[in-house]
Structures are given as structure tokens and as C-alpha cells.
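If you want the building blocks of each chain, they are given just below.
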Amino acid sequence: MQLGMAFWGSKTLLSAVELGVFSELAKKPRELESLRKALGLHPRAARDFLDALVSLGMLQRKGGVYSNTAETALFLDKGKPSYVGGILEMANSRLYPFWGSLTEGLKTGRQQNESKRGGDLFDELYRDPARLKEFCKAMTGISLGPARAIAAKFPWKTYRTFLDVGTAQGALPVTIALAHRHLRGTGLDLPVVEPIFREYVAQAGLSERLAFATCDFFKDELPKADVIVMGHILHDWSLEQKKALIAKVYRALPPGGAFIAYEALIDDERRENAFGLLMSLNMLIETAGGFDYTGADCRGWLREAGFRKTRVEHLVGPDSMVVGIK
Ligand SMILES: C[S@@+](CC[C@H](N)C(=O)[O-])C[C@H]1O[C@@H](n2cnc3c(N)ncnc32)[C@H](O)[C@@H]1O
């Protein structure tokens, strides 16, 4: 029953992010009436809504005063660089309604989003500047955690340059560059993404060390770099397209160069990483032929492409990386 009704709690959180509950409370803790007015809520359900958030562990209430928990203050206040709510904003506006037709997707094998009638998600999404920005910010939300883990766990000292393929806002290059001052990096993406990347990189004060490369990774070869990263890229595409991308990465790396693919990798037994398996269903909703995969699957594709050594390393939460050395 709890799982079947889980969307009640999920939508309550998503609406709280949409309404800016956590950002409002980050300014100062508030009593019910003052918070209700600040958020523009009707009196009927305001108390139930806020107390539901308390019961879900998303808010605290002491003596009638609501405040953030340590976690919601850190991760869901839009005013902080640690904000990861971009992915929840997109979950609220896009994924929540699209998942309503999961059954249709399962029966037809067709995507259930803006490109339901066929075509490429990015072509469709990126026609609207607001959706483009929302999507890129959502990617920052899903990638800040694994990017920090990659900054800490990968032996960056051995390398000088890196390329993040399909970089979106640039959360990964910014995180890596902040942690390792000797590195120069490039974020690669479609041309419409460039201003969004540049703005985010400039805010981090890294415009000198992080460049942008305009490239369609299906049409063009990749620029050369010592380390090439793909976060949530391979899962967007069919097996044939995944292998074509891996082959391009291989060609762009020097001998000894490294490829890092990070995602919510499914466990090899396909039993435990529910988030990874559900992410793969999300690829059914979102893409024409994408699917998530296990570490063993990916290591096999890398070996087939010629990578000499491969390994899987856990990052954080549901995310792991596959590393291949040319
Ligand atoms: C799912 S997002 C992943 C973003 C980021 N790597 C992360 O993990 O947070 C996929 C990215 O690939 C980019 N992309 C899609 N098709 C592309 C293409 N043909 N050439 C270059 N980039 C592309 C999109 O613009 C988007 O930024």
C-alpha cells in the first residue's frame, strides 16, 4: 500500500519545491499563517500540506514554527550552490504527467513525452528556451553528487585535460575543476546549450579553465582529451548508438587515456538497484531507444571497442562509474 500510494508523498514534495517552500524557510523559520501567505496558499489545506511535509521528514515544526531540516536547507534552497531541486522541478513539470502513461509505453514501446509522435527528445525540448534551461538545471541536480564522488575517487593527478561529453549546465566540469586546480576542461554539447554552460561556469569563476565545444556527437568526431566523461549519455540511446559513441571516445583518447561513464548503473544481477531499473523505465518514457545497463554490460562494450582495462566503482547513492583505460 505504501508503495502504491507513494505518488501522494512524491507529489507533495514536488509541489513544495514548485512553491518554493524550502527557499522561503531558508530566509527565516515561520508560523503557519505567515508561511501560508508568503507561499500564496489557500487556507483550506495549507496546514495539512505543511504538516504532511513534517511527517515526511522534509520540514521541522517546533512550537508552531516551521523550519527546514538540515538536508532540505542544504539541498532544496534555491539560493545555495548545493541546490539539487532542478531535477525535482523537471520531475514535477514533465516526468510526473508523462509517467501517467507508463502502461501505454510498456505496451507500445514508444516514448511518452513531448516527442510521443516520434523524433528526438532534445530537438523537441530545446525548441523552447524555458524547457531547455529547466532540463539543463535538472541535470545539475542529478549530477552534483556523483560529480563530487568522481572528483574524489578518480586519480586526476595523472592527467591534464578532460572533456565532458553532453555536459548540459556543466556541473561535472565545474566540480572537477574546483577540486583539481591543475586540470583544464571542456564541456561539449549542442550549440543551444553554450550560453547556459557559460553562465554557470562564469558564476563559479572558472571561465579561464573551462571551455565549451559545440559538437553533435553523432555527426562530428570528439575533440581529444586525456579523460573523457559521459554522464547520463549512454542511457539515452539504443545499443547501436551506445557502441558508436564508445567507439568515438576510444578514437579521441591517447593511449593510457581514460573513459568514465557514470549513471545509476543497474547491479549485475538486476535485482537491487531499483533506482537504476526505474531510470531505465524513465528512458522508455523519455527516449526513442534508450535504456540503462549494468556495469558488466558496459565493461563488455568497452572491451569490444578496444579498451585495455575496465572497472566499475560505486560513487554515491544509486550511482556508479565504469572506467575504461585505452
Ligand atoms: C541526459 S543529459 C546529461 C547531462 C550531463 N552529462 C549530466 O549527467 O548531468 C544529455 C546531454 O546530452 C546532450 N546531447 C544530446 N544529444 C546530443 C548530441 N547529438 N550531441 C551533443 N550533445 C548532445 C544534451 O544537450 C544534454 O546536455
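Here, every reference points to the structure presented above.
Draft legend 1. Expanded view of the sheet that holds strand E1 (residues 30-31). As summarised here, the arrangement of the 3 strands in space is E1-E3-E2, forming an open sheet in which the pairing is antiparallel. Both outer strands of the open sheet, E1 and strand E2 (59-62), are each paired with one neighbouring strand and no more. By the bridge criterion, 2 bridges tie E1 to strand E3 (residues 65-68) in an arrangement that is antiparallel. Bridge pairing links Glu31 to Val65 in E3. Helix-sheet contacts for helix H4 (residues 43-55) involve E2 and E3, and the interaxial angle to E2 is about 110°.

Draft legend 2. Main features of the sheet that holds strand E6 (residues 210-214). Ordered by their spatial adjacency, 7 strands build an open sheet running E6-E5-E4-E7-E8-E10-E9, and the pairing between neighbours is mixed. The open sheet terminates on both sides in strands that have one partner only, identified here as E6 and strand E9 (309-316). Taken pair by pair, the neighbouring strands of this sheet meet at an average axis angle of 20°, ignoring direction. Sheet topology note: the strand E7 (residues 227-231)/strand E8 (residues 258-263) ladder contains 5 bridges and is parallel. For Ile228, the partnering residue across the bridge sits in E8 and is Phe259. Relative to the sheet, helix H10 (residues 171-179) contacts strand E4 (161-165), E6, E7 and E8, its axis offset from that of E4 by approximately 160°.

Draft legend 3. The nonpolar core, seen in detail. Membership of the largest hydrophobic core comes to 78 residues, with the highest contact counts inside it found for Ile150, Trp156 and Phe259. For this core, the element with the highest residue contribution is helix H9 (residues 129-153), accounting for 11 residues. If we skip the residues at most four places from it in the chain, Trp156 touches Ile150, Ala151, Phe162, Ile176, His180, His182, Leu183, Val227, Val229 and Ile260. Ranked by size, the runner-up nonpolar core spans 17 residues in total, among them Leu25, Leu41, Ala46 and Leu50.

Draft legend 4. Quick look at a nonpolar patch on the surface. Together, Met1, Met5, Phe7, Trp8 and Tyr96 make up a nonpolar patch on the protein surface, roughly 620 Å² of accessible area in all. The residue Met5 is located in the segment before helix H1 (6-19) in this model.

Draft legend 5. Broad picture of the packing of aromatic side chains. Across all of its chains, the model carries 14 aromatic pairs by this definition. Centroid distance Tyr250 to Phe307: 5.1 Å. Interplanar angle 80°. Geometry classified as edge-to-face. Taken together, the positions of Tyr250 in helix H12 (residues 239-252) and Phe307 in the loop between helix H14 (295-305) and E9 put the pair 57 residues apart, joining distant regions of the chain. Given a relative accessible area of 23%, Tyr250 falls into the partly exposed group. Positioned above the aromatic ring of Phe291, the side-chain terminus of Lys242 is 3.5 Å from the ring centre. Its end group placed over the ring of Tyr250, Lys326 keeps NZ or CZ at 4.5 Å from the ring centre.

Draft legend 6. Just the pattern of salt bridges, in detail. Across all of its chains, the model carries 19 salt bridges by this definition. Across the pair Arg131 and Glu114 runs a salt bridge, and its minimum N-O distance is 2.4 Å. Of this pair, Arg131 sits in helix H9 while Glu114 sits in the loop between helix H7 (102-108) and helix H8 (121-125); the two residues are 17 residues apart in sequence, bridging distant segments of the chain. Across the salt bridge formed by Lys219 and Asp216, the nearest N and O atoms sit 3.7 Å from each other. What makes Asp216 partly exposed here is its relative accessible area of 24%. By sharing partners, the salt bridges in this structure join Arg94, Glu114, Arg131 and Glu286 into a single network.

Draft legend 7. Quick look at unusual backbone geometry. Positive phi, normally seen in glycine, also occurs at Ala168, with a value near 55°. Taking the relative accessible area as the measure of exposure, Ala168 reaches 6% and is therefore buried. The residue Arg270 is not glycine, and still its phi comes out positive at about 55°. Among the structural elements, Arg270 can be located in the loop between E8 and helix H13 (274-286).

Draft legend 8. Here's a closer look at the packing of H1 against H4. Contact geometry for H1 and H4: axes closest at 10 Å, N-to-C directions at 115°. By the angle between their axes, H1 is roughly perpendicular relative to H4. Crossing of H1 against H4: the hand is left-handed. On H4, the residues touching Thr12, Leu13, Ser15, Ala16 and Leu19 of H1 are Phe49, Ala52 and Leu53. Along the lines of polarity and charge, the residues of the contact of H1 with H4 split into 6 nonpolar, 2 polar and no charged.

Criteria and cut-off values
Residues numbered from 1 in each chain as written. Predicted model: local features only at pLDDT ≥ 70, side-chain atom pairs only at ≥ 80, totals over all residues. Heavy atoms only, no water. Pairing = 2+ DSSP bridges. Helix = DSSP H or I, 4+ residues; strand = E, 2+ residues; numbered from the N terminus. Contact = heavy atoms within 4.5 Å. Axes fitted to C-alpha atoms, helices over the stretch in contact; angles between N-to-C directions. Core = buried A, V, L, I, M, F, W, Y, C linked by side-chain atoms within 4.5 Å. Buried < 20%, exposed > 50% of the residue type's maximum accessible area, 1.4 Å probe, protein only. Patch = residues over 30% accessible without salt bridge, like charges linked within 9 Å, V, L, I, M, F, W, Y side chains within 5 Å. Areas by Shrake-Rupley, 256 points an atom, 1.4 Å probe, with all protein chains shown as cover. Salt bridge = Lys/Arg side-chain N within 4 Å of Asp/Glu carboxyl O. Phe/Tyr/Trp six-rings, centres within 6.5 Å; stacked < 30°, edge-to-face > 60°. Lys NZ or Arg CZ within 6 Å of the ring centre and 35° of its normal. Parallel < 35°, antiparallel > 145°, perpendicular 65-115°, else oblique. Left-handed = near helix turned anticlockwise from the far one by under 90°. Nonpolar A, V, L, I, M, F, W, Y, C, P; charged D, E, K, R; others polar.

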